[in-house]
Amino acid sequence: MTEIQIPADLLPKDGRFGAGPSKIAPGALDALAATGTSLMGTSHRQAAVKNTVGRVREGLGSFFDLPEGYEVVFGNGGATAFWDIATFGLIREKSQHLSFGEFSSKFAAAAKAAPWIADPSVIKSEPGTRPVAVAEEGIDLYGWAHNETSTAVMAPVIRPAGAADDALVAIDATSGAGGLPVDLNQVDVYYFAPQKCFASDGGTWFAIMSPRALARVEEIKASGRFIPAFFDLGTCVEQSRLNQTYNTPSVATFFLMAEQLDWMNANGGLNGMVERTTASSNALYGWAERTAYTTPYVANADERSLVIGTIDFNDDIDAALVAKTLRANGIVDTEPYRKLGRNQLRIAMYPAIDPSDIELLTKSIDFVVDAL
Ligand SMILES: *Cc1c(COP(=O)(O)O)cnc(C)c1O
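Predicted, not measured: the structure shown is a model, and the values here were computed from it. (Residues numbered from 1 in each chain as written. Predicted model: local features only at pLDDT ≥ 70, side-chain atom pairs only at ≥ 80, totals over all residues. Heavy atoms only, no water.)

## Let's talk about the UniProt feature "domain: Aminotransferase class V" (unreviewed entry) in the protein
Taking the numbering used here, the UniProt-annotated feature "domain: Aminotransferase class V" (unreviewed entry) corresponds to residues 21-331. Helix makes up 39% of residues 21-331 and strand 15%, with an end-to-end C-alpha separation of 15 Å. (UniProt positions renumbered as here; feature names shortened; annotations may be inferred. Helix = DSSP H or I, 4+ residues; strand = E, 2+ residues; numbered from the N terminus.)

Okay, here's the thing in structure tokens:
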């Protein structure tokens, strides 16, 4: 079955459509190799590495056009580490979480597991849909995912009306940041890992923090709560201002991200990137709606992500076999999120992915289904 050969003129120029780690521009890898002996393998306390970290900090600052007083903070450990960091350094007493898939549920689980704060309030909805945050007495942090990567539902970033003045809104933007529109005035902590829209490698987290969030970090630190050194957000804030991390960073991750940010900023910044993800997602969902054997999994069109698409296949077509055939032809990582257990493909449409490659991908899928 996997001997089906997709004609060359239907093949995307780059066959990587994974939700993460995702496509890295080959040019960025060439640029990394070209640094030769000058960057990797040198001290992270010296200028070459600190300047690379500084490029990322400045690149993010201009990309997001930071509101007054907002800062770019970062540290080692990826988005998953940031959930634990938040339980130590951001949640004062009680948080509220929207839980609508694998990733958004994990921050809720981390808060529930932390014995020094109250059990969180959790608002759930069925996979493929999204709940809405509502202001609640006693909540000092509201958290949800901008883009639930497991289901491809996006959730707008809007401060809940009636939230306490000093309550924080903390958004996991790991797969959304850089490809979805956002008004940072609505959010206090917009955090993400760089192996998705920022086309870099994993292992690092970034958080764009508002003055309110920076004040919370200081307040909790001053309260005397035990905070393990590795999870100390106050230390991360101080270190980030110096263009360094508490312990040794992944230098390649910062370099690849700096290259991608240069490209993003040179191509229209956030608005330019949202234009690309909009073009890609219009192409994908338009095809899925037109095609007899496919349906977009997310029923409400407003909730369909611009950066990841989940496409259900009719029962008489085995999506897993389609993904396997695509893989044999160099089109990789279109398999769905395992635990969702659907007969579907999941396609990333991050800014680095060319909208014309999404169109070619749909043609390749049509060809494979025809041949099967
Ligand atoms: C990928 C992803 C994560 C996990 O990121 P790591 O860097 O692997 O910890 C968290 N949240 C969302 C929304 C994601 O897409």
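Next, the rest of the story.
## Digging into the sheet that holds strand 8 (residues 189-192)
Strands sit in the order 1-9-8-7-4-2-3 across an open sheet of seven strands; the sheet is mixed. Of all the strands in the sheet, the pair left with one neighbour each is strand 1 (71-76) and strand 3 (121-124). Across the sheet, the axes of successive neighbouring strands diverge by a mean angle of 20 degrees, strand direction being ignored. Sheet topology note: the strand 7 (residues 168-172)/strand 8 ladder contains three bridges and is parallel. Looking at the pairing, Asp172 lines up with Tyr191 of strand 8. Here helix 5 (residues 211-222) sits on the sheet and contacts strand 1, strand 7, strand 8 and strand 9 (204-209); the angle it forms with strand 9, its principal contact strand, is near 110 degrees. Packed on one face of the sheet, helix 6 (residues 233-241) meets strand 1 and strand 9 and runs near 115 degrees to strand 1. (Pairing = 2+ DSSP bridges. Axes fitted to C-alpha atoms, helices over the stretch in contact; angles between N-to-C directions. Contact = heavy atoms within 4.5 Å.)

## Observations regarding the site of the ligand
Lining the immediate surroundings of the ligand are 13 residues, of which Thr80, Thr149, Asp172, Gln195 and Lys196 lie closest. At a separation of 2.4 Å, an oxygen atom of the ligand approaches a polar side-chain atom of Thr149. With respect to the ligand, the side chain of Gln195 contributes an N or O atom lying 3.0 Å from an oxygen atom. Burial of the ligand by the protein amounts to 86% of the accessible area it has alone, namely 390 Å². If you tally residues by element for the shell around the ligand, the top one is helix 3 (residues 78-89), at four residues. Residues belonging to the shell around the ligand are distributed by class as follows: four nonpolar, seven polar and two charged. (Near = heavy atom within 4 Å. Polar contact = N/O pair within 3.5 Å; in protein donor to acceptor, adjacent residues only side chain to side chain. Areas by Shrake-Rupley, 256 points an atom, 1.4 Å probe, with all protein chains shown as cover. Nonpolar A, V, L, I, M, F, W, Y, C, P; charged D, E, K, R; others polar.)

## A word on the sheet that holds strand 10 (residues 294-296)
Strand order in the open sheet formed by three strands is 10-11-12, with antiparallel pairing between adjacent strands. In this open sheet, the two edge strands, each paired with only one partner strand, are strand 10 and strand 12 (344-348). The sheet shows a mean angle of 30 degrees between the axes of neighbouring strands, direction not considered. Direction of pairing for strand 10 relative to strand 11 (residues 308-313): antiparallel, over a ladder of three bridges. Bridge pairing in strand 11 places Pro296 opposite Ile311. Of the strands in this sheet, strand 10, strand 11 and strand 12 are in contact with helix 8 (residues 269-290), which crosses strand 11 at around 10 degrees.

## Section: the packing of aromatic side chains
For the coordinates displayed, the defined rule picks out 19 aromatic pairs. With a centroid separation of 4.5 Å and 15 degrees between ring planes, the pair formed by Phe88 and Trp116 is classed as stacked. Residue Phe88 is located in helix 3, and its partner Trp116 is located in the loop between helix 4 (102-113) and strand 3; the two are separated by 28 residues in the primary sequence. Given a relative accessible area of 10%, Phe88 falls into the buried group. Their ring planes at 65 degrees and their centres at 5.6 Å tell us that Phe206 and Phe254 sit as a pair that is edge-to-face. Of this pair, Phe206 sits in strand 9 while Phe254 sits in helix 7 (residues 251-266); the two residues are 48 residues apart in sequence, bridging distant segments of the chain. Exposure class is identical for Phe206 and Phe254. Each is buried. (Phe/Tyr/Trp six-rings, centres within 6.5 Å; stacked < 30°, edge-to-face > 60°. Buried < 20%, exposed > 50% of the residue type's maximum accessible area, 1.4 Å probe, protein only.)

## Quick notes on the nonpolar core
Among the nonpolar cores identified, the biggest contains 89 residues, and Leu60, Phe64, Tyr190, Phe192, Phe198, Phe313 and Ile365 are the most heavily contacted of them. Here this core gets nine residues from one element, more than from any other, and that element is helix 7. Apart from residues no more than four positions distant in its own chain, Phe198 is found in contact with Leu60, Phe63, Phe64, Ala177, Gly178, Phe192, Met257, Gln260, Leu261 and Met264. Counting residues in hydrophobic clusters, the runner-up holds 27 residues, among them Val73, Ala114, Trp205 and Met209. (Core = buried A, V, L, I, M, F, W, Y, C linked by side-chain atoms within 4.5 Å.)

## Concerning the pairing of strand 12
The element strand 12 is extensively covered by neighbouring structure, given that five of its five residues are classed as buried. Neither face of strand 12 is exposed, since Gln344, Arg346 and Ala348 on one face and Leu345 and Ile347 on the opposite face are all buried. Here strand 11 pairs with strand 12 via five bridges, running antiparallel. By the bridge assignment, Ile311 is partnered in strand 12 with Leu345.

## Focus on the environment of Gly143
Within the element layout of this structure, Gly143 appears in strand 4 (residues 141-145). Look at Gly143 and you get buried, because its relative accessible area is 2%. The sequence separation of Gly143 and Asp357 amounts to 214 residues, and the corresponding C-alpha distance is 34 Å. Setting aside chain neighbours within four positions, we find Gly143 in contact with Gln96, His97, Leu98 and Ala170.

## Some thoughts on helix 4
Compared with the 16 Å implied by 1.5 Å per residue over 12 residues, the 16 Å span of helix 4 between its first and last C-alpha is a close match. For helix 4, the full list of buried residues reads Glu102, Ser104, Phe107, Ala108, Ala110 and Ala111. Contacts made by the buried residues of helix 4 are with helix 3, strand 2 (95-99), strand 3, strand 4, strand 5 (147-148) and strand 8. (Expected span 1.5 Å × (residues − 1).)

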